[in-house]
Every structure is written in C-alpha cells, then in structure tokens.
Amino acid sequence: MLVPLLAVLTAVVVGGVVIVAVGGNPFFAYIGLIQGSFGSAKALSETAVWATPYIFAGLAVALAFKGGLFNIGAEGQLAFGAVTAALIGYALPDWLGTDLPAIIHIPLAVGLGALAGALWAAIPGALKAYTGGHEVINTIMMNYIALNLTSFLLNGPMRDPNPIDLSAQTPEIALSARIPPLFEGLRFHWGFILALVVAFLVYILIWKTTLGFEIRTVGSNPDAAQYAGINVKRTIVISMALSGLLAGMAGTIEVTALNYRHELGFSIGYGFDAIAIALLGKTHPLGVVLAAILFGAMRNGATRMQFLTQIPVDVISVIQALILLFVAADAIIRYIYRFKTRGERVVLTRGWGG
Amino acid sequence: MTEQPIVLEAKGITKNFPGVLANDQVDFDLRKGEIHALLGENGAGKTTLMNILYGLYKPDSGEIKVNGQPVVIHSPKDSIEAGIGMVHQHFMLVPVFTVAENIMLGDETTRYGVLDQKAVVRRVKELSKQYSLEIDPNAIVGQLPVGVQQRVEIIKALYRNAQILILDEPTAVLTPQEADDLFVIMRELTRRGVSIIFITHKLKEVLAIADRITVMRAGRVVGTVDPKDTNEQKLAAMMVGREVILKVEKKPAQPGKQVLEVEGLSVHDWRGLETVRGVTFQVRAGEILGIAGVQGNGQTELVETLTGLRPSAGGKIRFSGQDMTGKSPRLLTETGMAHIPEDRQRHGLVLSYPVADNLVLNTYYKQPFGVRGIMQPAAIDANARKLIQDFDIRTPSPYVNVGKLSGGNQQKVIVARELSHEINLLIANQPTRGLDVGSIEYIHQEIVAMRDRGLGVLLVSAELDEIMALSDRIAVMYRGQIVVTVDANKVTREQLGLWMAGAHPEE
Ligand SMILES: Nc1ncnc2c1ncn2[C@@H]1O[C@H](COP(=O)(O)OP(=O)(O)OP(=O)(O)O)[C@@H](O)[C@H]1O
Ligand SMILES: [Mg+2]
C-alpha cells in the first residue's frame, strides 16, 4: 500500500527536476496539472473519460496476473474489441435491414466487442495451456496481428466511404448503438460507471467465487492446483479469456460511448499503460481504479499544464514511466525511504525445516 | 571431552511474530568442535533461533557473542563474516549451474573483472580434500542426488570460512545411507575444529551423534542434557511435556475387499526413463500396505500416477471397483482417495494462502465450502477452527499464511485436510516427514484408527521404522519393481534392509 504511494510521490519529485531541466517551473506545472484534471466539472468529466479505458485495461492485466499470466496483449485485444463493436454498431442495422432499439443494440455491440477481445486473448491462453508456448511472446504476436488486421480493415472493407474523411476510420455507429452521456454538455458517460461496477465484479470474482479461487491457485502454485483437482489448462484459458474480455471492454466502451467510431491508431499505448496501472494498483481492483484515475488525470491535465507553462506534454509520459519504474523496482523506494525490511522479508530458504 | 571454549553464545534471545512468541529469553551456547543438537516440537522456535543467528531475522532483544565478542548481526552477510554458515532444508542452489558456480555465487572470485572459475575449482578441491568431502566441482548440481547437493551447501559454507555450521533438519530428506554419510562428514568437520548446530526430529540420530542436546518447547529452552544421561523416552517427554508412546499399538488387521488394485503398472519419469516397471499389488479395506525402499526407486512416480498427477505408460489401476487408469485427481478425490504428497511445498500447499484456504484446497468447490460457485467463508472458517483444534496445528490464527507456519505444522495442515473428508483409501507418501515425535504419535494413531474403521492405506516411507510400525503387509520396491511382498510380522528389519539394497528374495 505504502510503496505505490511513495512511488508516485517520488516520481512527482523527480519529474519536478525534469521540468526544471527543460526550463519550466514545477509548481506552476503541477498546479496546471491539477487544475486541468480536477479543477472544474469539465476537467473532472474529462479525467473520468480518460480513466475509463484505463480501468478496464488495468483490470484485464491485473486479472491475468492473479492467474499467473502476463498479458502484454491488452492493446491488441482492445483494438479487436473496438473494431468488432464498431462493426456491430454501424453495420448490424443494415444487415438486418431494420433499426434496432438501443436496449438491444448497445448490449450487442458492447457484448460482442468484449467477446472478440476474449477470443483474441484465449488464443495465446490455449497456446500456453496446451503447448507451453509462452504467453508473453504470443500476446505480443497477437498484438501485431490485431493492429495490422485493424489497419487493413480500416483502410479497406470497413473504411468510412464518406469521401470528405481522409483518415482511416469506420463510419459512425448508429444512434441506437451509442451509450449516452450522463450530463448535457459533458463527455462524461455511463462507461465510467460501468467500469466501476465491473471493477467491483472482478473483485467478487477473484476473492469470493470458486472460479476465482481456481484462478488464484493456478497463479500461485500450478502443481498444488493440479493436486487439488483443478483443471489447470482450462483455468489458464479462462483466465486469459476473462482478461481479454476486460481489455475488449476498454475498446468497446471507447467506440460506443465516446468516439462513436473506430479510428486507426487510437488503441496504441493502452496495453503498456495498462500494465503500469495494474502494477501500481498492486493488481487489486480498487488499486487499479485509483491508479487508472491517476493516469487519466495526468493525461487529461497535461494539456492545461502545457498551456500554462509551455512544458511539453511528454513530461507526463516521463513521470508515468518514473512511477512504473519505482513501482516495479520497489527496492529503490524501500531504500530511499529506509524501509527497514528488518530481515522480515520473504525468506526464500524455508524448507522442511520450516 | 575436555571443556572446549565457547565459540557462539546467544543470551536472552526474544522474538515475537504477530500472535506468536517464537523465542522467549532463549540462552544457547556452542563449544568449539562439538555437535550440539537442538530438539523441540514443531513450532518450538528452533528455526527462528537459527534464522536469528544467521541474520535472517532481527531479535526483539538479546545478545549474540562469537568467540566471546559481542557481534551485531543484521544480515547473512554479517553472520558469514562472523564465521557462521547455515544449510537450510531446501537448498539455495541453482540446478543448471555447476557445483563450483553454485559455490561462488554471491561471493564471486574475479580476475580483471572476469569470473575466475579455475581458482574456485581449485579451492573447492582443496576444501573437499581437507574435510574429506567428496565432490566433483564441475558436476551440474541438478543432476546430483539430494545427499550430494547437501554436501555442496556445506562446502559452500566452508568456502566462506564458516567455523560454525547450522544444519536445519538436514536428514529429513535423506535416505538412511545418505544420512550416515552426512554423520561421517559431520564428525570429520568437528575433528577439524568446526562446531555444528544440528536440528532434527529423529531421536536416534541425536543420541548417536550429538555431544550435547538442548530441548526447546514453546519458544523456551527446557534444558540441555548429555546424550549419555538420557534416552528416547526421556527426550520425547522433555520435548512434548508428557509421556509419548513411541510404539504404535495396533490390533491385527481385518482386511475386507480390495479398494486398490494395481496391475502391471509402468510409469516414465520426465526424462522418459521407465522408473516404475510393471508393478502389481492390491490394497484391501482395513489394511495398511507399506512400500519400503530406498528413495528414488520409483516410489515418487508410482504415487504420482496412482493419484492422477502423472500419466501411466502401461498397466491398469482399479480403485473402488472402477477402472481409474489415467483419471483426474478431482475424480479420484471424489471417489474417496486421499493423498498426502511427498513434497508438501510443491503439491500439498499454496504457501501464500491462509491456513483456512489450504484446509479446503481440494474441497473448496463442494458443499458446504462452495455453494453454486460462491465461496462460503463461514463454513471455511468453521472447518479451519475445528481441524486446527483436532490436529493441534500451531498457528496464531486460521488466517496466517501457511508459509509462515513451522515446517512440521505445515505438514499437519495437509494431514488434517486429507484425513478430514469422507475417504476409503489413503495414499500417504512420507506422511510424518519433519514432524516431532508427539505429532508422529498422533498421526500414526489416527492412521491405525482409520484402518480399523475400514480404510485402506498405502504407506510409502523412507523410514523403515515407520514402515515396520504401521504396516500389515510390506512390499519392497527396488529399481521400479516390487521385488517381494511379505507379512509385516514375518519379517525382520535386517531382511528388509537387504531386499531394499537389491538382494534377491528366495523363498
Ligand atoms: N516469518 C514468520 N512470520 C510469522 N510467524 C512465524 C514466522 N516464522 C515462524 N513463525 C512462527 O514462529 C513459531 C516458531 O516457528 P519455527 O519455524 O521456529 O519452529 P520450529 O521449531 O523450527 O518447528 P519445526 O520443527 O516444525 O520446523 C511458529 O509458531 C511459527 O508459526
Ligand atoms: Mg523448523
């Protein structure tokens, strides 16, 4: 609990030094950052909008972690989910030759998009379970396939035929597939609420259900899981599929609640931010939500910061990278703050003798 | 023996863990060139005391002196500097490295910034000659038997100039032969001035090898005795605080129908070698079949296959009247098979889970612990409290991670779990490994009582005493085959020993 907080704090301090180095005033910069992210109703709304996909994608990575799997492929799963949701969103009424009520169209778009993400992740999951192929390699491969496939679709079959649009993007989705904003005039949408609900559900799944027990057991000690009668292979596939489902949700919600279309390149970077968020949140759903809001706030406030101080937004990426660095290498944090580990750290040497 | 100077002295060591006073004003000293055995119940605080001496834990209070000088030990580095070395039960060796590489790990000898392998190999050879510790510095550690790996750990400590050696239950995983070899090494070391603290639960070993014996109970030192003035009974009573029945009382078996029938079973190990070769035997309800044999003769693979953890390469397994060849552990458990696995930390437990969860590790999904996919914390809690009580598991609460329990108490968690559900066959592989005499007594009585209620038991143990004490029939396994099966009361220890070593039984 303490380590992530101190990691953020340290990153902010070191980030301040970086700001000074590029000729800015760190206090103004941070004030700008806070104003831009929490200073007004609009700022808050935008922070939530940024945080929404982060929550879903962070949960995706965190859930996989619990199952002992390193899902680097959230980005590809997200893209695949987004493309699917967009397709269902704009094309389904045409295929059916009739308009759909929102109550059916929205769940279909969101659900099928999420399923597409699940499928995309289940493939490396199955490769891991049944052939031993490492999920890190295979999810990265699946990322390339997803991104190139999306690129092909958005430049070809799914490209918006409207000649005014030069960028590679799908047509806008039907009105009936759009998740409405909560307040008039703000982009804040139901997707954020859904993200919080899903975070809670993930918490229940991991800690309160037998499936969660199976996922955690396989993640903690696969040999003991096998001994306990758990179907280890199946559980690995399920863990990956659920992880992909959540990543797919991230993309789906962006399409149905925010952009109303899928645009090439929008998914880039989410996969890695998601890993950072999952780590910063200590792979706990509540931690992930908080970390996602922090990341959302930084992304959102960065513009205002740049406006106030002319400091390039890239500084924010530096700070985020620093946070990740400090979280991942928590020995640094422990050393800086003299956490006397007092030898009470995990003793690797316990055995029969206990 | 003339009074030798005291090389290591701990005074008033106290250590609290949340909810447990693991060491309470412990005084302990070690003389030059002696073997000082440390005995005590599971959870008495032996390992904790050693970890403090080795710098892994910091005591709440107390003082440590080495050669009469007070020393401050904050980390293993400090204790190594003070000449203390420790061999933990689970070795800290990198299996793919050579012996020499493992020995220099953490203390690399370099020349011009490059590892100086040759110097290490030379030094290891010197050491092995000096202390008569046979070892090949270029062997790959993972391919060495356990006993030899342990020797590597000892040399590793000597390489760092350890004059004081802590051995925490070194014999628990050794075959009797390997244990004897270790004792020879230990004597040789003490002759050369090394002082040894030796932890074990085996009273025979203590009496045979120790110069002094200190007994701990519930964090305190109960007393220090000379092996000449004591015996197994007295030691056991000192440890447990009451009389312990070292001999198992049991009535003749009343075998019923067959619960387990194994026919021509063959199993391959991970290298694809046939380690179980056409084994045939039966276990009947109400009897205990003991499988005797030197470790590494296929027992591990046999048990793993019987319990569904490893595929078979041929043959048949019938359990409860059904063909169960190649069936999953889940189905076997549901049919009434219980399994106490050999490697408790690998198969038997999830160390990062609380005791309560480990007690339902293979029943979590069933009534009353899981209802329609939802875990039932109340039922899991009640189960944990009952088993902790019944099996005298020493833990501050059901929600402490099992990895924090003492080694013996971890084993009790498994035994409690496996004996607590509805079963008709128990397969127990080294069920009392690492347990104190009191717990062994309890578990032995429990196994016999369950046999009398009609349970079939397949007992695999490297302890000939345990096999002799519990079994109704004994099968001897040698090189993957069962060479002979005999009535337990028609055979002597010596005869079994010969068969285990490969002598042909001729009748
Ligand atoms: N890291 C820890 N955190 C909390 N409690 C601990 C920790 N290590 C040991 N304990 C507790 O301290 C007590 C003493 O444990 P210790 O491992 O020293 O026992 P032991 O005498 O070595 O027993 P065994 O013979 O079973 O190995 C036990 O009750 C154990 O649960
Ligand atoms: Mg111990």
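Since this is a predicted model, take the numbers as computed values, not measurements.

### Considering the sheet that holds strand β5 (residues 69-71) of chain B
All names here are of chain B.
- Within the open sheet, the 4 strands sit side by side as β2-β1-β4-β5. Their pairing is antiparallel. For this open sheet the edge positions go to β2 (20-31) and β5, each flanked by a neighbour on one side alone. If you compare each strand with its neighbour and ignore which way they point, the axes differ by 25° on average.
- Across 8 bridges, strand β1 (residues 6-17) lies against β2 in antiparallel orientation. Bridge pairing links Leu 8 to Leu 30 in β2.

### Details of the environment of Ile374(B)
- By the secondary structure assignment, Ile374(B) is in strand β20 (residues 374-375).
- The residues contacting Ile374(B), other than those within four sequence positions of it, are Lys208(A), Thr209(A), Thr210(A) and Phe369(B).

### Notes on the packing of aromatic side chains
- Taken as a whole and assessed by the stated rule, the structure comprises 13 aromatic pairs over all chains.
- On the numbers, 5.2 Å between centres and 75° between planes, the contact of Phe17(B) with Tyr57(B) is edge-to-face. Taken together, the residues span a long stretch of sequence, with Phe17(B) in strand β1 and Tyr57(B) in the loop between α1 (46-53) and β4 (61-66) at a distance of 40 residues.
- Through a chain of ring-to-ring contacts, the aromatic side chains of Phe213(A), Tyr353(B), Tyr364(B) and Tyr365(B) assemble into a single cluster.

### Comments concerning the packing of helix α1 (residues 2-21) of chain A against helix α13 (residues 314-328) of chain A
Residue and element names in this part refer to chain A.
- Running from amino to carboxyl end, α1 crosses α13 at an angle of 140°, the nearest separation of the two axes being 8 Å. Considering their axes alone, α1 and α13 lie oblique with respect to each other. As α1 packs across α13, the resulting crossing turns out to be right-handed. Counting all contacts with α1, which are made through Ala 7, Val 8, Thr 10, Ala 11, Val 14, Gly 15, Val 18 and Ile 19, the residues of α13 involved are Val 315, Val 318, Ile 319, Leu 322, Ile 323, Phe 326 and Val 327.

### Focus on the confidence of the model for chain B
Residues and elements named next belong to chain B.
- Put simply, chain B has an average pLDDT of 90, and 97% of its residues get 70 or more.
- At the low end of the mean pLDDT range in chain B sits strand β7 (residues 110-111), at 61; at the high end sits helix α12 (residues 355-358), at 97.
- Here the complex is predicted with pTM 0.87, and the ipTM for its interfaces comes to 0.86.

Conventions used here
- Residues numbered from 1 in each chain as written.
- Chains lettered and ligands numbered in written order.
- Predicted model: local features only at pLDDT ≥ 70, side-chain atom pairs only at ≥ 80, totals over all residues.
- Heavy atoms only, no water.
- Pairing = 2+ DSSP bridges.
- Helix = DSSP H or I, 4+ residues; strand = E, 2+ residues; numbered from the N terminus.
- Axes fitted to C-alpha atoms, helices over the stretch in contact; angles between N-to-C directions.
- Contact = heavy atoms within 4.5 Å.
- Phe/Tyr/Trp six-rings, centres within 6.5 Å; stacked < 30°, edge-to-face > 60°.
- Parallel < 35°, antiparallel > 145°, perpendicular 65-115°, else oblique.
- Left-handed = near helix turned anticlockwise from the far one by under 90°.
- pLDDT = per-residue confidence, 0-100.

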